[in-house]
Each structure stands twice: as structure tokens, then as C-alpha cells.
Amino acid sequence: MIKRSFFTLTKPRLLYDLVEPDPKEPESIPIPSDLTLVLDEPIDSTRQALIKEGDSVEKGEKLRLYNQSTDYTISPVTGTISAIDTYLDDFGNTSTCLVIKNSQSQTTDTNSMTYDLKDDIASADEYFRTLPGAPPLKILASNTVKINTIIITCADMDLLSTTHQYITLKFWDKIKEGAKILKKLTRIPKLCITVPENLNIPGESDLIQVFKTSMEYPSNLPAMILKNHLSMILPAGKTPEDMGVSFISAEAVVSLATAYKTKSAGFEKILTIIGKQGTKYRAKATIGTPLHKIFNAFSIHINDQDRIVIGGPMKGFATYTHNHPVQPDMDTVIIQDRDIIPEVSDTPCVNCGKCIRICPANVPVNILVRYLEADQYEEAADKYDLESCIECGLCAYVCTAKIPLYQYIKLGKYELFKLRALETANDE
Amino acid sequence: MTNNKLTVSHAPFWHDGDSLFKMNLNIMIATLPAVIFGIIQFGAPAVGVIALSLSSAMLWELILNVVSKQKISIGDLDAAVIGLVFGMMLPATSPWWLVITGTLVAVVIGKMIFGGIGANPFNPVLIGMAFLMLSWKIFFNFDAAYVNYEFNFTALAPLAALKSQGVSAVADLFPISDLIMGKQVGAIGSTFGLGLIVGGIYLILRGYIRWEIPVSFIVGIIVTALAFSMANPDTYAGPAIHLFSGYTLIGAFFLATENSSSPVNRLPMLIYGFCAAAMIILMRNIGAYADGTILAILLLNLVNPLIDKIRPKALGKGANNA
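Residues numbered from 1 in each chain as written. Chains lettered and ligands numbered in written order. Predicted model: local features only at pLDDT ≥ 70, side-chain atom pairs only at ≥ 80, totals over all residues. Heavy atoms only, no water.

**Considering the overall build of chain B**
- Summing up its helical and strand segments, chain B has 15 helices and zero strands in all.
- Relative to the 2.2 N^0.38 estimate, which gives 20 Å for 322 residues, the radius of gyration of chain B is 21 Å and therefore close to what a compact globule would have.
- Each principal axis of the C-alpha distribution contributes one length, and for chain B these read about 85 × 55 × 35 Å.
- Every one of the 322 residues in chain B was classed for burial, and the buried ones make up 56%.
- Within chain B, counting contacts between residues at least 6 apart in sequence, those at least 24 apart form 76% of the total.
- By element, 71% of the accessible surface of chain B is carried by carbon and sulfur atoms, the whole surface being about 12800 Å².
- Side chains of chain B give 16 positive and 14 negative charges; the mean places of these two sets differ by 14 Å. (Helix = DSSP H or I, 4+ residues; strand = E, 2+ residues; numbered from the N terminus. Rg over C-alpha atoms; globule rule 2.2 N^0.38 Å. Buried < 20%, exposed > 50% of the residue type's maximum accessible area, 1.4 Å probe, protein only. Contact = heavy atoms within 4.5 Å. Areas by Shrake-Rupley, 256 points an atom, 1.4 Å probe, with all protein chains shown as cover. Lys, Arg positive; Asp, Glu negative; His and termini not counted. Charge placed at Lys NZ, Arg CZ, Asp CG, Glu CD.)

**Thoughts on the domain arrangement of chain A**
- When the domains of chain A are assigned, the result is domain 1 (28-102), domain 2 (121-262), domain 3 (270-340) and domain 4 (354-427).
- Averaged C-alpha coordinates put domain 1 of chain A and domain 4 of chain A at centres separated by 35 Å. (Domains from an automatic or database assignment.)

**A short note on unusual backbone geometry**
- Residue Tyr217(A) is joined to Pro218(A) through a cis peptide bond whose omega torsion reads 5°.
- Cis geometry is adopted by the peptide bond preceding Pro12(B), which originates at Ala11(B) and carries an omega value of -5°.
- The residue Pro12(B) is located in the segment before helix H1 (20-42) in this model.
- Despite not being glycine, Asp375(A) has its phi angle at roughly 60°, a positive value.
- The phi dihedral of Lys402(A) is positive, around 55°, even though this residue is not glycine.
- The residue Lys402(A) is located in the loop between helix H11 (394-398) and helix H12 (405-427) in this model.
- The exposure class assigned to Lys402(A) is buried, which follows from its relative accessible area of 18%.

**Overview of the pattern of salt bridges**
- Counting across every chain of the model gives 30 salt bridges over all chains.
- We note a salt bridge from Asp346(A) to Lys71(B), for which the minimum N-O separation is 2.9 Å. Of this pair, Asp346(A) sits in the loop between strand S16 (332-336) and helix H8 (354-358) while Lys71(B) sits in the loop between helix H2 (44-67) and helix H3 (78-88), which puts the two residues in different chains.
- With a shortest N-O distance of 2.9 Å, Arg284(B) and Asp291(B) are connected by a salt bridge. (Salt bridge = Lys/Arg side-chain N within 4 Å of Asp/Glu carboxyl O.)

**Comments concerning the side chain of Ser94(B)**
All names here are of chain B.
- Here Ser94 shows up in the loop between H3 and helix H4 (96-109).
- Taking the relative accessible area as the measure of exposure, Ser94 reaches 11% and is therefore buried.
- Of note is the side chain of Ser94, whose polar atom sits 2.6 Å from the backbone oxygen of Pro91.
- Excluding its chain neighbours within four sequence positions, the residues that come into contact with Ser94 are Val49 and Val99. (Polar contact = N/O pair within 3.5 Å; in protein donor to acceptor, adjacent residues only side chain to side chain.)

**Examining the state of the cysteines**
All names here are of chain A.
- Under the counting rule described, the total for this entry stands at zero disulfides over all chains.
- In this structure Cys395 is a free cysteine whose sulfur lies 6.3 Å from that of Cys389, the closest cysteine sulfur available.
- Here Cys399 stays free of any disulfide, with the sulfur of Cys352 as its closest cysteine sulfur at 6.4 Å.
- Cys399 sits in the buried class, given a relative accessible area of 11%. (Disulfide = S-S within 2.5 Å.)

**Structural notes on the sheet that holds strand S13 (residues 280-286) of chain A**
Residues and elements named next belong to chain A.
- On the basis of which strands lie adjacent, the open sheet formed by six strands has the order S1-S13-S12-S16-S14-S15 and mixed pairing. The sheet is open, and its two borders are formed by strand S1 (27-28) and strand S15 (317-319), each paired with just one other strand.
- One ladder, built from three bridges, connects strand S12 (residues 268-274) with S16; its direction is parallel. Its bridge partner being in S16, Ile274 is matched across the sheet by Ile334.
- On top of the sheet, helix H3 (residues 163-170) reaches S12 and S13; it is set at about 130° to S12, its chief contact. (Pairing = 2+ DSSP bridges. Axes fitted to C-alpha atoms, helices over the stretch in contact; angles between N-to-C directions.)

**As for helix H5 (residues 124-135) of chain B**
Residues and elements named next belong to chain B.
- Compared with the 16 Å implied by 1.5 Å per residue over twelve residues, the 17 Å span of H5 between its first and last C-alpha is a close match.
- When H5 is considered as a whole, its buried residues turn out to be Pro124, Val125, Leu126, Ile127, Gly128, Met129, Ala130 and Leu132.
- Where H5 is buried, its residues meet H3, H4, helix H13 (248-255) and helix H15 (293-307).
- Two or three places before Val125, at the start of H5, stands the capping residue Asn123, its side-chain oxygen 3.1 Å from that residue's backbone nitrogen. (Expected span 1.5 Å × (residues − 1).)

Now the structure itself:
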């Protein structure tokens, strides 16, 4: 954890980590006997499901809950479905998790199902949404959102993580290949890539425009990339996709290239694991592998009240179980010892102004939090720029009163969204 | 497989390690040069006043916590800072009841009834001081307060002398070096200019006070006093005596910078500091008070919410993206 320096006349600078110059091969985690897959769709007991416990599945088979379902997942192993259950996330959103019992021995790796692919984005969206790196094919294939720029992120968005950088160094040719495929599929002319300014990429490509991003957090967050490199100001409450810009991780581009070559899906996700002492490990695990298998491989011991953070230290989320599966978009896992977990408090804002100095979006956090504490979400959005927040978490990082500001803001946005949805429903 | 109970909480999972306790502790450390000098200068009574002020402020907050059935909040040292700064602004000869009445008003009326830390619209210290000054003006006559002391320098409160005797009379009485080195009569913690400046710079470097406020405050004092003095050098004194006497420096570094009652955006901070200083000079030169620091800063506390509305446009708001 980066602490406050003794002299802090200026705001603190949090720097992104740079991948080590000659990175080692990631440690391969054997395919476990039980894998957990997450489906975005909640279980609806009134409908006849397409899959049930006891069904056998093949490696590469597409699994959907219902006939009309658009969400799907792809089984990474051949085996049987041993459980279907509801998964609840931070905000109470429900999704479904499937547990698949691996029927093969761990050593043999059968070939994955091959697909009949056409050269358009809809066909890619049909099978490749859950590739490692989670390519945003749903958005790219959608007719309602018009994307005109694709940005490949080789610079990791959150601190500590070096997964994307590692992939960029190791698979630069695959990225170029994947970029070519993306261009062909989507017919989107503008393809850009973000690279940390201190990282030397193995080569250039005339297909892709390179954006050298600053090493200082939060310059790799979508809103900042839009601002610094595309001279585009993200309007409050809009997403980059609304502005026609879609972000795709370097890993997604690589796995797309491989998938098109083999005409089948890949399942090996590369992760950066950060141990309690800050040691970095790199692992290659099959999507669906429970995290404790990875911890065992690196002999990381988890005690009571430790914290497992998925994603980076600023924007990630904490999981409540070691069984949390590896997911397509999971780049970083951080294990924090209980002794270093910073506490939060319910002290009111003292108006010290540190959040105002550090906020990259000029949000008046000190006033905003007073409204959010009082559940005044609409006022907070109208007058105090709730929706301008780019969700970097820096305000809560520096807060002297240790107020969980980022949580208040996320909750505020979520409640505001619900309020607005309710209003539109009432109007109709 | 193990089944530990994990800690689950929300991002960010890092914190810079700062806390209210550390912030207030640093403010207290920053006051030490001035306080220690005051104790050396004014002797044991000064220790008594500072100790009583600090402890009674904490005690009032504790009593209020218990009475209002709130969480005990004195651990964040906010009350201690109020008590300490309050004590620094009193003459060493203040009677005990004056001190505890003052801290009662400061902590209870100045801070707790507004909702405690962070909720006070005015600097609690100034609320208490204003109350005492309006009620028992006699105790703030520094010339009378130290009548039994033997000093090896001019035993006259500079600002009061300036008010009553005029510029020409005091011109040679208070050399700047004496004022800076604390060779003047005043409140316990307000006489040692150098100590206050060192403490203030320490706080600025540590990031516990916002540099814009003290800097613009001092600039405001210099500019306004200079303007007066240039217009009429016979009637109005130059900036030096204004800057290094009375409550000016304690005001610049410890009073105007109180978090809750001061602005946080850059331009408002500059306006706030400058205007507070300009008000002080106006009060000293034209008004009835010898030292207007307390009322001037209180006045600017009042307009703080209004000027703090001047702020940069948030990302993605406003006309340029319509």
C-alpha cells in the first residue's frame, strides 16, 4: 500500500506498475475437478430451463438458461453440470452460477468444439463473448450502439496489475493479428492502442494508432483516455460506448485471434496475483477455476479476516469466498493481510479539501457526500456532479475522515439509476 | 480447502494512512514553538491557562457526547486543538472561569450544537473568543493584564498603542526584529511571530492546511496596510506592525485555515484569505477595535459557503459538450 509521504504539499502521485523487463512464463494451474461459470441472467423458476443439474456438457458447448436468452457461457471442460445456483453481487443484482464437474482426468486436454464461423461480428458474438479478456462483442454487434473507435488497452487500468502489459510484450504479433480480424469483422476504421509511456512495445503496426499513456493513476481509465488522447470530454452520466468508443483488453484481442485461427474458444486466463507481502505472481488458469486452487499453487495462506480483492486496489471488489471462480475479465487478484486493511469510519466530512485537490473530474466531493449521506440523489446529480465521477476511487484513498466516498458515489449512481428507471416506467 | 471468514468491503482497498487524529496532532505539534515561547515569556500562569483551556475543551466535548448519547469523539483531538488554540489567544493572566466559560462557548455553541466535527459553520475558537471579548473586554487589555510583569522590552500591546497613540508615537517603540522574536506583549501564543511562521510552514508542507489561505491572508495584510499607509503615512502604520502583532499570524495559520469554516476550491481560498486580511486592516485602521482579527475571520466564515460556490466545472458538465 502506498502511504502518504511526509511532505505532501502537492497531491499524492500514484504510479502504475510497469511489467518486469523479461517476464517469466505464467504458472499453469491444472484444470480443477469443479469449475464455476457465471451467467448474467437470473434464474426464473417459472420458465422451463434448457439446462439442468446432471446434464452432460462438452468442452466448448454453449450454455444458455432459456430459449430466448441472449446471455450465454461456454463450458471450458467436458463434464456434467453438478449445480445451478443464484449468485448475488455487491448491489444485490442476481446472476446465475453453474458448477461443472470435470469428467476428464486433469492431464488429458481434449479438443474444444469447433464452430462454424462467418466473417461478421454477429457470428463472433455468437460464440466468443466469454473468451479470456471478455471482448465487448455484445456492444460491437449491437445495432443500437454505434461504435466508431475501438481502443485496445495494453495499459492496465488499475494500479499494481500488469496482466495487459505482459500480454502485450509476449503476444504482440497476436495483437496485430487480432486487430486485423477486429477490423475485418466490425468494419470500424479507427483502431487505437493504449501503451504505458515507459513500456517499449515490440513493434509498430500501421493498422493501429498508439496512445502513450502517462504512468500516473488514473490516466488509463476510459474517461481520461478519451480526454487526453481523443480530445473528447465524456458528458456526465454517459459511457464511452455512448460516445462511440469501445474498449477491448489486449488479452481479448489475443484470444480472439487464437479463436479465429482454431475456430474454437480458448479458456486460459492470465492473471496477476499479488501476495500479502506485495510479491507478484503470474498464473494461467482455466476460466471457472476457484481462486483457492491458485493460492495453493503459490502457497499463499489465507487467514480469517484477510481480504481477497479482485481487480485493482482502487476499483476492484472484495469477494467473500475462496471459491470465487476465475472469470473472463479478471486480471488481478490481491490478497491483503488483515493487519494492513485500512478501516473506514462514519465520521462526517471535515472539509479538509484533499478530495477536491485530487479529483481528476473536478467533482465537489466534500459537498456531494453530504447529499449522498442524506439520500438526496437527484440533487446530488443535478447540482453536485454525481454523474461526472469517473470512479477512480482517489477521493476515498485520501479522505482524512476515512469516509467510504467511492462507495457512497457508486451507491448514489445506482440509486439514481433506479429512481430514473422508476420515473420512466411511471410516465409510460 | 479452508473456509475462513474473509473481510468484505468496498473499493478502494488502499488508504493513504492519514486520519483526523494525525491531522489534529500535527496541528498541535505546529503550535508548540509559539506555545513554548509563550510559556517561557509569561511563566507558570501561561501553563495554567493553556492546560486548563485544552483540558476543559476536551471535557466539554466529552460531557456533550455523554449527554447527547453520541459516540465519544474526543479521540480525534479536534476538541484538543480548539482548546489549545483558544488558550494561545488568551492573556496569561486570565482567570480560570474566563477560560472554562470560553471553551464552553467554543466547543458547545461553536461546534457541538451544529453537529460536531465538520459541521461547524464558524471557527469554534473564534466563537468562544468573540463571546469573551464582547462580554469581558477588560481581560483583553493586554497592558493591564501584564501590569505585574517585568519585561526587557516595551511593555505595551503594539496594536492598542497604535490605536491610542498614533503612528508617529509607536514608530520607534516596536522594531520589527523585536516583534518577530516575540518581544512584545500579547496573548500567550500569539507573540512569537517566528514560531507561528515555522509552525505554519510545517503544516503547509505536511499538507494539513491549504497554503492558499495563509499566503493570500498575509498578502492581503501587506497589500491593504500598504495601501492605507501610502495614502496617509501619518495616520496609518505600515504592514510590518500589522503583520507581526496582535492575532494576525495565529489568524493566518491557525484560525482562518480551520477546515470546516473555510473554502476548499483554489480561487475561493485566495479570495477568502485576502478578504479576511483586508477586513482586519479595515477594522484596525477605521473601526473601533484595536485588533479586528476575530471578527474579520468570523465574517469571512459567514460568506465562505457563498464564495466556495466558485469552482471549476466538473468533467462533462456545461456547455462545451452540448
